[in-house]
Structures are given as structure tokens and as C-alpha cells.
Amino acid sequence: MPAADAQRAVKSVRPAGGGTPVRGRRLSVERDSARMMRALKASYAAAQTLPHQAGYWDRTNSLSAAAEHDEGTRRLLRERARLLFKNNSYMAGMIRTLANDCVGTGPRLQVMPESDRPGARRDARRLEQAFAAWAYEVQLAEKLRICRQARGREGEIFAVQTTDASLRHPVKLGVRLIETDQCETPDLFVETPTRVSGIDFDGAGNPSRYHFLVEHPGSNSIGGATQESRVLPAGQVAHYYSPERPDDRRGVPEITPAMNRFAGLHRWIEATLANAENAASIFGVLEQSDDFGEAEDTKDPNGDDIIGYDPMETVDFEFNTIMTLPRGVKFSSHRADQPSEVFAVAVRMFIQDVARCLNMPRNIAEGNSADYNYASGRLDLQTYHRAIQIERSLMARRLLWPIFAWFMDEARLVGGLIPARYRRLDREMPRIEWRWDAFRHVDPQKEAAAQGSRLENGTTTLAREFSEQGEDWEEQLEQIARERDRKEELGLGSVTIGGGSEQEEADDETEEADA
């Protein structure tokens, strides 16, 4: 019963002949209303706090994303994440695998021609080639892989537009990566909706300025790092991070939910290894009878005791020998039961737990698909590849598009580098797409057969199929035409490279069908 209804119910309780309400009846109704409200709240199991859960739910809060991701919290999280990255092979492998799978050999620019005229297509290819040459010179693919690692490890990274006169390219545009530690405002003591540490925002909530420390706070320069900073307009900075809440202004490490699990996995492995080493260092145990000391032949000719081992005493044995033991002494070998049978299962569950927050399947995180079958491996890869596609779109939006805009601003100033249609400042930016490395199918023959069926029944196009392979369909068709003309020029029109003639292949197929 809602509180308002309960109050109305209390007011309506009166004696039979009118008059003032009965207090006892009023208290009864109030108790019933309170009991009903508690029952409604208790119907959610997550709204209850059981005694054994009190310590866990004590960490709940109602802070905003900006308050929860304050400078001190972000610093502590990224410092711990870096420590794990340097000392935990599983975490380092997961972060590097994400960067390699996401970026690969680097994205390739594809400019959409304004029309189907040969001149428009030729100009589009010319712009693509100019950008590809510049991207190779500035090592763009390598920097993008660094950015992807940084987002998993530190949560964010910044790319800044600079000038690099050492580039062997007419466009002297440089792209400098700056770690999140340097994006701080030294004189900011209280963060506001328009100012967080390192970033100023306009009234619409868009970044307007970025503050960067000249030196890294952890610099080992003489005299220590200074607090000197510089301010850059938002147009010269690309901020690569993924907000999780509406007012997220800064990023936190992707592996934040799994950091305690990484630490637990490290302790589990180290404890198991130490236990196994201790067990392996003990070869066996000597046990001597308690009543054997009363026997007459326990003395040698010199009168010394033949047996007389003290408790916890160690005895050396010679390697590769057969020896006898004194009377009354029993030897039993010590069995090293570590690692136990549950060790591999526990490690596997740890890895599956920590990899889940990265949208990575366990076999990729573990680097081992021994217990996977073909169907389960493909199913997990499909989810993983979908997550990578979404990450690529984020990288294109936050990094590649600003970088391409910087390149166009500089390329327009270099005469003859790009076509005239793209040098005009009054025209909009060309429509572009990015081609990434394709996800290789585990069974290329089945994929090729499926691709041929889709093309035959008209459910796909050459442009789409080549795009999924990270290739430009027009360039591929032009290359196929050149190869065909060259084969005819050399008299190889009916010969398949790597095999016999087309007639021979047809005969072979007929024989196989008959068989």
C-alpha cells in the first residue's frame, strides 16, 4: 500500500457513531502499512542485506561517474593495472592480443567517389595512396596498437596534433601519444560540471580545452617533474576512451573488475608452486621402532649406537645406489601431491573470470583450445569478433576521423599532393570508410563455398565480400582483369596457376563424381 493510501486509511478509521479516531486502531493501521511497505521492499532479494553480505554491500554509493572517477581513484587503478601488466603473463597476453586483433596491420582508408566517372574514382585512389604513404611514415598502425593497449591498461590515452619536420613525406603532420597521467590541471582543486582534471567543457558538454603537463609526473629528470602545463584547443586533441555512464569524462582501466582476480590467480599459482617445491625437496621419511632400543645388538664393536636418529633430523643418501637400513628403521617415500587435480580447473576458471570483462573467450585468453570442439570454438569467436568490430568503430570515431581531418588540413597546403577536388576549403570532407584486417575463417574451404552461394543467389555483393576481407572491391577487380589479360598475353588463358588446364580440372571432377 502506498504511503498516501495508508494515511488516507488512517484518517478514515473512526468509531461507529462518529467522533475522533481511535488511537489504538490508528496505530494498528500504521503498523500494517509499515509492514506492507517492508514486504514490498523485501520482495527484491538484491534489496536485502544478509549478515554474511554486509561487508560486500557496504561499498555501494550514489556518486556520479565524475565523482567516482576522481583523479586519485584513477591514478590508483592505473598504477595497479600497470603492475599487473608487468608481472602477470595472462594479463599481458590478453591486453596485447586485444590490440593485435583489433588493429592488426592497421586500417586502410577508402574514399567513396562522388560519382562513377573514371576521373572521380582515380582522384579517390590518389587521396587514399597519399594518406597510406603518410600513415606508414608516422607508424600509425603501431601507435593505434599502443592506444588499444592503453585503453585496456589505463583506461584512456590522448593523441595530439604536432609538427614533425623529420618525416620523409610532404605532409609534416605528426601524431604524438600522451599518457593519461599528463592530462591534469595543476591549479584545479574542485571539479565542476564544466571542469574536470585536465579537460574544460563548454555549455553543451563538449570538450573545449585540454591541459597537459609538460613532463610526466613520474619523470626521473633532475629536480623532479615540474607542474608546468600547456593548454591545447579541443580540435588538436583526440581522446580515446569508452564512457560507461552518461557523465563519464575520463576513462578507467578495462580490467578494473578483474584486478583482484588477477591478484588471486597470482597468489594461487605461487602458493601451489611453493607447496610443490617443499614436497619435492623431501625424498622420504625414516621411521624407527620405539622398543628397538632394548635389543642387545644395537651396539657396534666400538660400543656406539647403530641407530639413533633425532626427530626431524635429515639424512643424506647417495644418488643411484642401493643401500640397507639399520634394524628397526623403516623407510617410506614422500609423495608430492602438488599440483592437485583441481589446480588446472581452478586456473581455468580464474582466467575465464578475468577475461569476461574484456569480452574475450577463455580459449583466446588462455591461448589453448585443447578442450574446445569446432562448434563451440566458432561460437565463441563470433561473439569476440563482434566485440572487436564495435571497438574498431569506437577507434575510428575517436582517433581515425580526427587524424584524417588533421591530414586533410595539412595536405591541402601541399601543391599537387591530393586532387584539386579535395583541396577546396569550401567543400565538405569526403565520405570515407576504413578497411581492417579480415577475421580468418577456421575452415577456408567452407567459407569460400558459402561465399560463392551468397554471390550466386544474390544475397551479397562483391563490394561487401571484399570489404569483409579488408579489401577494396574495385582494386581487386582491376587486379583480376590485369592478371587475366597477362595470362592471355602469355598464352596461359586456359591454365590455372598451381594446377592443370581448366579441361583437366573438369575431367578430374567428373572422375571424382563417378567414383
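Rules of the game
- Residues numbered from 1 in each chain as written.
- Predicted model: local features only at pLDDT ≥ 70, side-chain atom pairs only at ≥ 80, totals over all residues.
- Heavy atoms only, no water.
- Helix = DSSP H or I, 4+ residues; strand = E, 2+ residues; numbered from the N terminus.
- Buried < 20%, exposed > 50% of the residue type's maximum accessible area, 1.4 Å probe, protein only.
- Contact = heavy atoms within 4.5 Å.
- Areas by Shrake-Rupley, 256 points an atom, 1.4 Å probe, with all protein chains shown as cover.
- Pairing = 2+ DSSP bridges.
- Axes fitted to C-alpha atoms, helices over the stretch in contact; angles between N-to-C directions.
- Phe/Tyr/Trp six-rings, centres within 6.5 Å; stacked < 30°, edge-to-face > 60°.
- Lys NZ or Arg CZ within 6 Å of the ring centre and 35° of its normal.
- Core = buried A, V, L, I, M, F, W, Y, C linked by side-chain atoms within 4.5 Å.
- pLDDT = per-residue confidence, 0-100.

Draft legend 1. Here's a closer look at the overall build of the protein. Helix and strand content of the protein: 16 helices and eleven strands. In the protein, buried positions account for 31% of the 515 residues. Of the contacts formed within the protein by residues at least 6 apart in sequence, a portion of 66% connects residues at least 24 apart. Approximately 32,700 Å² of the protein is accessible, and the part contributed by carbon and sulfur atoms is 51%.

Draft legend 2. A look at the sheet that holds strand 3 (residues 173-179). If you trace the three strands from one edge of the open sheet to the other, you get 3-2-8, paired in antiparallel fashion. Only two strands of the sheet have a single partner each, and these edge strands are strand 3 and strand 8 (237-240). Recorded for the sheet is a direction-independent mean angle of 25° between the axes of neighbouring strands. As paired elements, strand 2 (residues 157-163) and strand 3 share seven bridges and run antiparallel to each other. Residue pairing across strands places Phe 158 opposite Ile 178, the latter belonging to strand 3. Each of strand 2, strand 3 and strand 8 is contacted by helix 8 (residues 140-153), which is oriented at about 20° to strand 3, the strand it contacts most.

Draft legend 3. Quick peek at the packing of aromatic side chains. Scanning the model with the defined rule gives eleven aromatic pairs in all. Measuring from ring centre to ring centre gives 5.5 Å for Phe 158 and Phe 212, while their planes differ by 80°; the resulting arrangement is edge-to-face. Taken together, the residues span a long stretch of sequence, with Phe 158 in strand 2 and Phe 212 in strand 6 (residues 207-213) at a distance of 54 residues. For the pair Phe 158 and Phe 212, one class covers both residues: buried. A ring pair is formed by Phe 404 and Trp 434, whose centres lie 6.4 Å apart and whose planes are at 85°; its orientation type is edge-to-face. Residue Phe 404 is found in helix 12 (residues 374-411), and its partner Trp 434 is found in strand 11 (residues 432-435); the two are separated by 30 residues along the sequence. Both residues of the pair, Phe 404 and Trp 434, belong to the buried class. One aromatic cluster is present, formed by Phe 131, Trp 134, Trp 401, Phe 404, Phe 407 and Trp 434 through successive ring pairs. The ring of Phe 85 has Arg 153 sitting right over it, with the charged end atom 4.6 Å from the ring centre. When the ring centre of Phe 201 is taken as origin, the NZ or CZ atom of Arg 249, which lies over that ring, is 4.2 Å away.

Draft legend 4. Structural context of the nonpolar core. Membership of the largest hydrophobic core comes to 65 residues, with the highest contact counts inside it found for Met 94, Phe 131, Trp 134, Phe 407 and Trp 434. When residues of this core are assigned to their parent elements, the largest contribution, 14 residues, is made by helix 12. Leave out the neighbours within four places in its chain, and Trp 134 touches Leu 167, His 169, Val 171, Leu 173, Val 175, Ile 403 and Phe 407. Val 160, Ile 178, Val 196 and Ile 199 belong to the second largest nonpolar core, which has eleven residues in total.

Draft legend 5. The confidence of the model for the protein, seen in detail. Averaged over every residue, the pLDDT of the protein is 80; the share at 70 or more is 75%. Here residues 499-503 is a poorly scored stretch, pLDDT under 50, and it has seven contacts once near neighbours within four places are set aside; other chains count.

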